[in-house]
Amino acid sequence: MQKFEDILLAQNRCTKEDIEQAYSIRKEYGGQIGNILLNLGSISDIVYVEVLAKQYGFELYKNFHDEKKIISIDGIVSEYFVINNIFPIKEDESSLCVITHDPLQSSVLATIESAVKKQLTVYLATEEELRQVKELYERSDEEDDEDIFEDEVDKLKELASEAPVIKLVNNIFSKAVNAYVSDIHFESYKHGIKVRFRIDGVLQTVDTISNKLKQAVTARLKLISKMNISENRLPQDGRISIKISSQEIDIRSSSVPTAFGESFVLRFLGNDAIDLNIDNMGFHQDNLKLLKEMLKKPNGILLTTGPTGSGKTSTLYAALDYINSDAIKIITVEDPVEYQLDGISQIQVKANIDYTFANALRSILRQDPDVILIGEIRDTETAKIAIQSALTGHLVLSTLHTNSAIGAISRLLDMGMEYFLLKSSIVGLMAQRLARRLCKHCKEPIEITQAQKNAYNIEKLEQYIESAYHPCRAVGCKECNYTGYKGRMPIMEIIPFDDAVIKELDKNKDFKDIQKLGYRTLQDDAIIKFLEGAISLDEVARLV
């Protein structure tokens, strides 16, 4: 077989210098001489194809005069041709004609020849010619997919709109609203869907849905969440707005694919049953006094910390409600907006259009706010803007994921914040958990042993007890659905960022012993509420 470069030189299609340059590149990087010359611009695509055709004895596509149409080959899906850039263009009883830009794909050509059991005639085409044929096949695939897609979507919508399915999902929602749940979990398993409610922070199984209804219920949840009803391979987020018992309910929905189908978690937002009056939140009077003093500061950062679902946002909303007046402007940046507050400008972050916390904060600083609520400090950029806002005369409220109040300092230092800026900007730190209240209808008084008193330093904490000393345990009755608990209350750790705290941090950035400065820990606050009969000792152990 004549060499590619020899044919070029014989036809005066390029110079010796061009070929020598191509050899030099091949020696260092590898590759085929023809492709190298093509990439260097020494030869055109037409020349490249014509020389290859002469070298291998193939036909040129420009000499193919039949009608351009799609050929369907039994046993080979059209996607195979698209991936390999080889397309059938003509077929009869004994032969099949294909078009390609690369005749060296011998294994692909052999696969096609073996599948059709016919003689293969290969036509070589320029990249532009091949692209035109490829578009025919891709367009055909899209049209086929669209037909299948539309049929599937129509079937799913029909399933989701059947009366029994609508009634089933609506009944679950009604039960959830009446039980004051925070989340509904629809979890797909091999034999169907398990439905669980998160009530007072703890999950309870309330229903199961059979396998024959799984697809219909999944489709219904997607439809009302405004998700892509036909997408089941990727996680999706959505939003549901429904009216139940004359109450407007806003729900944030999330789906993820699992081994046995999709699972959904629906988070109920803005429950009207939540009292945002700071005096009714369940704080001890000394903690409440500290918090109110922090909120009177004209500028600075007040951070509340804790895990997801620990009531941080509710506490900050109650704080905003406390300071809200016609004299000040309050703006919030949240993801999502969980409660709608009168007289406050609330902004929803939209990550899909790059409207992040940081970008939103930059824009609202030009809106002349007095108080800013940042839903969460997630990154260094947001932290920097929050500190800058505090230093330029704004009161900033935000949340952070740490286990303790004082742990927020270490977290911010890890995010790259300068310690001297933290000293200048932070006014207070809080940590929070939500404890289940004992049901007042069935809780039962208990005696505390001396060992328990010693273990929990109870004698030192008795001075903080505001009501009678009567620790109780959970029992269970009809009123609390036999759980022993009804409702929740916050367990708090509040630290004003004063000179005493700063002095200890100056000596040791990992300072943690806030009891040394006279401030109570989360465990101390929980024990006090146990001694007052508000929560159980089991709940203290579960939380802190």
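Since we're looking at a predicted model, the values are computed, not measured.

> Whenever I open this one, the pairing of strand E11 (residues 300-305) confuses me. Can you help?
Successive residues of a regular strand alternate their side chains across the two faces of the sheet. The buried fraction of E11 amounts to six of the six residues, a majority that puts the element mostly inside the structure. Two elements, E11 and strand E15 (residues 395-400), share six bridges in a ladder whose sense is parallel. Across the sheet, the residue bridging to Leu-302 is Leu-397, located in E15.

> So what exactly am I meant to see when it comes to the packing of helix H8 (residues 163-178) against helix H9 (residues 211-224) here?
Relative orientation and spacing of two packed helices are given, respectively, by the angle between their axes and the distance between those axes. Packing of H8 against H9 leaves a shortest axis separation of 10 Å and a crossing angle of 65°. In terms of their interaxial angle, H8 and H9 are classed as roughly perpendicular. For the element pair H8 and H9, the recorded crossing hand is right-handed. Judged by residue contacts, Val-165, Ile-166, Leu-168, Val-169 and Phe-173 of H8 engage Leu-213, Ala-216, Val-217, Arg-220, Leu-221 and Ile-224 from H9. For the contact of H8 with H9, the class distribution of residues is ten nonpolar, no polar and one charged.

> What exactly am I supposed to notice about the sheet that holds strand E8 (residues 236-244) here?
Each strand in a sheet pairs with its neighbour through backbone hydrogen bonds, running either in the same direction (parallel) or in the opposite one (antiparallel). The strand order across the open sheet formed by six strands is E7-E6-E5-E10-E9-E8, and the pairing between neighbours is antiparallel. Of all strands in the sheet, those bounded by a partner on one side alone are strand E7 (202-210) and E8. Strand-to-strand twist of the sheet, defined as the mean angle between neighbouring strand axes without regard to direction, takes the value 20°. Pairing between strand E5 (residues 183-189) and strand E10 (residues 261-269): four bridges, direction antiparallel. Residue pairing for E10: Ile-184 is matched across the bridge by Leu-266. Along the sheet, H9 contacts E5, strand E6 (192-199), E7, E8 and E10; its crossing angle with E7, the most-contacted strand, is approximately 115°.

> Can you walk me through unusual backbone geometry in this structure?
Most peptide bonds are trans, and most residues other than glycine sit at a negative phi. Even without a glycine there, the phi angle at Asn-85 is positive, about 60°. Mapping Asn-85 onto the fold places it in the loop between helix H5 (78-84) and strand E2 (86-91). Of note, the phi angle at Asp-368 is positive, near 55°, even though the residue is not glycine. For Asp-368, the position within the fold is in the loop between helix H12 (357-364) and strand E14 (371-374). By relative accessible area, which is 60% here, Asp-368 ends up exposed.

> It is not clear to me how the domain arrangement of the protein chain should be interpreted in this structure. Could you clarify?
Annotation of the protein chain at the domain level lists domain 1 (4-138), domain 2 (151-269) and domain 3 (285-434 + 489-520). For domain 1 versus domain 2, the separation of C-alpha centres amounts to 53 Å.

> What exactly am I supposed to notice about the sheet that holds strand E12 (residues 330-334) here?
Pairing in this open sheet of seven strands is mixed, and the strands run E13-E12-E14-E15-E11-E16-E19 from one edge to the other. Two strands bound the open sheet, and with one partner strand each, they are strand E13 (345-348) and strand E19 (485-496). Taken pair by pair, the neighbouring strands of this sheet meet at an average axis angle of 20°, ignoring direction. Strand direction decides the pairing type here: E14 and E15, joined by four bridges, are parallel. From the neighbouring strand, Val-371 faces E15, where its bridge partner is Leu-395. The strands touched by helix H13 (residues 380-391) within the sheet are E11, E14 and E15, with E11 carrying the most contacts at an inclination of about 135°. In this fold helix H19 (residues 522-531) packs onto strand E16 (426-438) and E19, with an angle of close to 140° to the strand it touches most, E19.

> Hey, could you run me through the packing of H12 against H13 in this one?
Where H12 meets H13, the axes come as close as 8 Å, and the angle between the chain directions of the two elements is 25°. By the criterion of interaxial angle, the relationship of H12 to H13 is roughly parallel. For the crossing formed where H12 meets H13, the hand is left-handed. Listed contacts from H13 to Phe-357, Ala-358, Leu-361 and Arg-362 of H12 are Glu-381, Thr-382 and Ile-385. Split into classes, the residues belonging to the contact of H12 with H13 amount to four nonpolar, one polar and two charged.

> Would you explain the pattern of salt bridges in this entry?
For side chains bearing opposite charge, pairing can occur when the charged atoms are close. One pass over the full model with this rule turns up 23 salt bridges. Between Glu-128 and Arg-131 there is a salt bridge; the shortest N-O distance is 2.4 Å. You can see Glu-128 and its partner Arg-131 sitting in helix H7 (residues 127-160), three residues apart, about one turn around the helix. We classify Glu-128 as partly exposed; its relative accessible area is 39%. A salt bridge links Asp-525 to Arg-520; the shortest N-O distance between them is 3.3 Å. With respect to class, Asp-525 is no different from Arg-520; both count as buried.

Parameters and conventions
Residues numbered from 1 in each chain as written. Predicted model: local features only at pLDDT ≥ 70, side-chain atom pairs only at ≥ 80, totals over all residues. Heavy atoms only, no water. Buried < 20%, exposed > 50% of the residue type's maximum accessible area, 1.4 Å probe, protein only. Helix = DSSP H or I, 4+ residues; strand = E, 2+ residues; numbered from the N terminus. Pairing = 2+ DSSP bridges. Axes fitted to C-alpha atoms, helices over the stretch in contact; angles between N-to-C directions. Parallel < 35°, antiparallel > 145°, perpendicular 65-115°, else oblique. Left-handed = near helix turned anticlockwise from the far one by under 90°. Contact = heavy atoms within 4.5 Å. Nonpolar A, V, L, I, M, F, W, Y, C, P; charged D, E, K, R; others polar. Domains from an automatic or database assignment. Salt bridge = Lys/Arg side-chain N within 4 Å of Asp/Glu carboxyl O.

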